2 protein chains.
Amino acid sequence: MAKVKNVLFIMADQLRADHLSCYGHPHLQTTHIDNLARRGVLFEQAFVNSGVCGPSRMSYYTGRYPSTHGATWNRVPLSINEKTLGEYLKARDIDLVLAGKTHVMPDNKGLDRLQIDGQSELGVLLRQGGFVQLDRYDGHHEPGAESGYPAYLKAHGYDSTDPWTDYVIAVEDDKGQAQSGWYMRNVNFPARVKEEHSETAYMTNCAMSYMQSAGDKPWVMHLSYVKPHWPYVAPAPYHAMYSPEQCLPVRRNEQEKVNAHPVVQAYRQQEESVSFASDECVARVRPAYQGLIKQLDDHLGRLFAYMESAGLMDNTLVIITADHGDLLGDHWLGEKELFYDVVQRVPLIIYDPSESADATRGQRESRLVESVDIVPTILAALDMSVPAHRVEGRQLQPLVHGESVTWRDCVFSELDYSYREARLTLDKSTSECRAWSVRTDRWRYVYWRNERPQLFDLQNDPDEFNDLGEDPQYDEIRQEMKQRLLDWFASLKRRTSVTEEEVAKQTHKYKQAGVFYGQW
Amino acid sequence: MAKVKNVLFIMADQLRADHLSCYGHPHLQTTHIDNLARRGVLFEQAFVNSGVCGPSRMSYYTGRYPSTHGATWNRVPLSINEKTLGEYLKARDIDLVLAGKTHVMPDNKGLDRLQIDGQSELGVLLRQGGFVQLDRYDGHHEPGAESGYPAYLKAHGYDSTDPWTDYVIAVEDDKGQAQSGWYMRNVNFPARVKEEHSETAYMTNCAMSYMQSAGDKPWVMHLSYVKPHWPYVAPAPYHAMYSPEQCLPVRRNEQEKVNAHPVVQAYRQQEESVSFASDECVARVRPAYQGLIKQLDDHLGRLFAYMESAGLMDNTLVIITADHGDLLGDHWLGEKELFYDVVQRVPLIIYDPSESADATRGQRESRLVESVDIVPTILAALDMSVPAHRVEGRQLQPLVHGESVTWRDCVFSELDYSYREARLTLDKSTSECRAWSVRTDRWRYVYWRNERPQLFDLQNDPDEFNDLGEDPQYDEIRQEMKQRLLDWFASLKRRTSVTEEEVAKQTHKYKQAGVFYGQW
């Protein structure tokens, strides 16, 4: 019987679920991702635990919520006290190899405090969040020494000290002039890098060459693309593949701006939102964004074809997901972070080669799943026990294997906006800029520290235009959602210095320890 | 102007606030503690953050709640990721010296994981929770090598391999026979150790000799007595100083047992509660318990007299408190842990020698304070900044110096009973046995995971006999208390790998980092 030997954990950066044809996009055909969905399970309600790269990824890599792992925003180091997937796999002598982005910020102060040499084997692994880096490249800046990409570009004739800046995210305009792709007005022009030398092509090659060299040793790989994340520069021909009419219509209306939530309002004043408020920006960025996704799909096709030919599709569990979506002007906002489905909902496809998954191939699963479920799912796929005193997610095998199981009926997401301009706009302290979202099939409730709540009825208002956070009619709903949030807070796993099994073994041990208290 | 140079942080183990005359005990005269109260501030509403030694003390030593520091019960190691008062003081080159009990459980697994030698200077300090141990003795077992007490006993003629077991907690009955003080029926007899060689006398001597040897170097000392904690064996003459009539009446009635809360009911089935359910046990234990407190007060008198003569009362901040109370049969329960004031409310007296405290000398402060306030108070007394990204308590100087300040209106306490028989009685998993209490001036609300809540009206039911946890009349109160708990959970400090100042400095730094996202 086919068994899982390897795991390929693919992540795209800032990829909206609704931008894949298997999730309903009418014009953007993601043929190869769709094919994998036909062979596996497509999760229609997969949500991230934070709408920001760093905290979302740390939840993917630790199996814990941001409130627990503590890396609540992009610049917050991942505490060395946090165990990651890489550390769990090490116990099985399996490397978690990395090709691409993790956004792990090293906890150098934590290392200094405990006198751990950051250059030692342990120190390096802790600073890398447990990943063994084939080629780490976090994107949207000139790659550093931890990536071979700059050398690769130079070797292919991109002659510059900053080849990424001058070629990869630079475009050539209609006058033949080089322009910076940092400016969204330029993204209708093609990148100055050839498609075959682009970030997406390079990282796919990196993953394939590792698979070729791996031999018989089982492997777990995180293939983590930096696209379609901004800068929205696509190489030819992808830059011009879609017209604005072939893009999803922008989701916003005037009524949203009336009595808007203070934090949403403050985000709308940030530059990315001001830019995307113009239809011209939306019409220019969305085609490029779609082009980058189409390009990604083509390279995944190339990768899957190789894996098929190498027999890897018979023994490799494949996961495709994203760290969050992209507002692209929806709700008069740019970027991400806030609690709308276009940000919080991501694609998730799991292909399990084992026979036990045959029952569900091609099925669409509508139960609610979260980023924290990925670590336990990968551990379970490799027959490893899931450390219940740390991991807060649930393994998805019951859903992938079609076993009956009682399941959660809501998911949670978090935001820490203390690093953002919004904090200054609202004149808040760095400790109070936190929000938590509870989402069920029907409702999304957002609790904001020191601000009024938000509530959306996703059944009658799927576009999330109408904030019911202060509507007295919905008091009961808000109370019920608040109760869910309270129960969730109470369930977070902080007692991490002992395992559940150790606690069970020690229950009622006083007498055995020779202490006889309470005896008459 | 007098300034704080040293800090003496005195803790008694399992000492109820209502057992001091300055807190209203009609027969037990704690003369010397009362004298200190007349020179300082007495806190009438000081509460612990857990009614159990370990988690309560870890909150005293870290300034963080059990949900944050994670050491939720006596057997749970204090994660090496937690910073303690001792580590903060080290930055000022001040040792936090220890005479007595801390209940710190070393996080050996945490040390192994990070390859830190437990015998190295760092390893030892981490394993001791940041304390420099003059003489560590955690009580209620034969002291180990970390205490000089066994050798001291042998040197004074207590000839045994287990002098503590055979003399300190052994009694001599009316037939001249030795009996074990583990059995509460024997605690009306005197200990076989002389009063001058008892635990309380020994640890007081230990503290005094350190003060004598300290010279001019500033010091911070944790003098942490193991009494009046069980075994309730008092040396003569204290064993026979009080009659049952001179003890506080037991607080319990039959009505309490009707439809009792399931967890309270399960605790009542544990041996300590079964024993204390008999009036005979109450009448025998309480006099001994009072004797131990009287003895403690006498030794504090001796200590304060020395400090006065050595001029130390002019430059030493003195704190007296306890880690929790003792049920002593109240509510048909023995021991502690549960959410009743006799467990949760402790004595707290702060004597500040500085002139800025002259305005409040002898005053009784009724605002709500918690164990987590002690770390920031000690740091502030030494003009050290309080790390706001970790410490969850507040410095008490504004109250001690009579400055106007807005203050909290509720306090929080927690319980993890997963190690207790109650878990087995209720057939619960090791991860669900948690409870949180919110206490205001008027109400105590207890949220239990997977059990109904408790609610007490402390104004109309100060003895906490009448659980309103299911009374529909109090829905609104419960909602309001639940909101407080939710707000508290949302405020806990988990983003510990960066300081608030660092976050503030990095706010809105994208452009400065050369990343120009969101620009048209």
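As the structure is a computational prediction, the values presented were derived from the model and not from experiment.

Describing the UniProt feature "domain: Sulfatase N-terminal" (unreviewed entry) in chain A
Argument step 1. The positions UniProt marks with the feature "domain: Sulfatase N-terminal" (unreviewed entry) are residues 5-383 of chain A.
Argument step 2. Between the end C-alpha atoms of residues 5-383 of chain A the distance is 10 Å, and the span holds 34% helix and 15% strand.

Things to note about the sheet that holds strand β11 (residues 348-351) of chain B
Residue and element names in this part refer to chain B.
Argument step 1. The strand order β5-β4-β8-β1-β9-β11-β2-β12 describes an open sheet built from 8 strands, whose pairing is mixed. Only two strands of the sheet have a single neighbouring strand rather than two, namely β5 (132-136) and β12 (363-365). Between one strand axis and the next, the sheet turns through 15° on average, direction left out of account.
Argument step 2. Bridging between strand β9 (residues 316-322) and β11 involves 4 bridges; their strand directions are antiparallel. Among the inter-strand pairings, isoleucine 320 is bridged to a residue of β11, identified as isoleucine 349.

A word on the relation of the copies chain B and chain A
Argument step 1. Relative to chain A, chain B is turned by 180° and slid 0.0 Å along the rotation axis, the superposed coordinates differing by an RMSD of 0.0 Å. Overall, the copies show the geometry of a two-fold rotation axis.
Argument step 2. When the interface residues of chain B are mapped onto chain A, 100% of them are again interface residues, pointing to one common binding face.

As for the pattern of salt bridges
Residue and element names in this part refer to chain A.
Argument step 1. Counted by the stated rule, this structure contains 82 salt bridges over all chains.
Argument step 2. For arginine 420, the salt bridge is made with glutamate 272, and the minimal N-O distance between the two is 3.2 Å. Here the residue arginine 420 occupies a position in the loop between β14 (411-416) and α16 (421-425), and glutamate 272 occupies one in helix α11 (residues 271-276), the gap between them amounting to 148 residues.
Argument step 3. Judged by relative accessible area, arginine 420 falls into the buried class, the value being 2%.
Argument step 4. Overall, glutamate 272 belongs to the buried group, its relative accessible area being 2%.
Argument step 5. Connected through shared salt-bridge partners, Arg16, Asp18, Arg251, Arg286, Asp330 and Asp463 make up one network.

Brief notes about the confidence of the model for chain A
Atom-level detail of predicted coordinates should not be read off regions where pLDDT is low.
Argument step 1. Averaged over all residues, the pLDDT of chain A equals 96, while 98% of them reach at least 70.
Argument step 2. Under the prediction, the complex receives an ipTM of 0.96, its pTM being 0.97.

Observations concerning the pairing of strand β17 (residues 454-457) of chain A
All names here are of chain A.
Argument step 1. The side-chain alternation of β17 yields two buried faces, one formed by Gln454 and Phe456 and the other by Leu455 and Asp457.
Argument step 2. Pairing geometry for strand β16 (residues 443-448) and β17, over 4 bridges, is antiparallel. Within the sheet, the bridge partner assigned to arginine 444 lies in β17 and is phenylalanine 456.
Argument step 3. With antiparallel pairing between neighbouring strands as the criterion, β16 and β17 make up a hairpin whose turn holds 5 residues, including asparagine 450 at a positive phi of roughly 60°.

Reading the values: the criteria
- Residues numbered from 1 in each chain as written.
- Chains lettered and ligands numbered in written order.
- Predicted model: local features only at pLDDT ≥ 70, side-chain atom pairs only at ≥ 80, totals over all residues.
- Heavy atoms only, no water.
- UniProt positions renumbered as here; feature names shortened; annotations may be inferred.
- Helix = DSSP H or I, 4+ residues; strand = E, 2+ residues; numbered from the N terminus.
- Pairing = 2+ DSSP bridges.
- Axes fitted to C-alpha atoms, helices over the stretch in contact; angles between N-to-C directions.
- Least-squares fit on C-alpha atoms with pLDDT ≥ 70 in both.
- Contact = heavy atoms within 4.5 Å.
- Salt bridge = Lys/Arg side-chain N within 4 Å of Asp/Glu carboxyl O.
- Buried < 20%, exposed > 50% of the residue type's maximum accessible area, 1.4 Å probe, protein only.
- pLDDT = per-residue confidence, 0-100.

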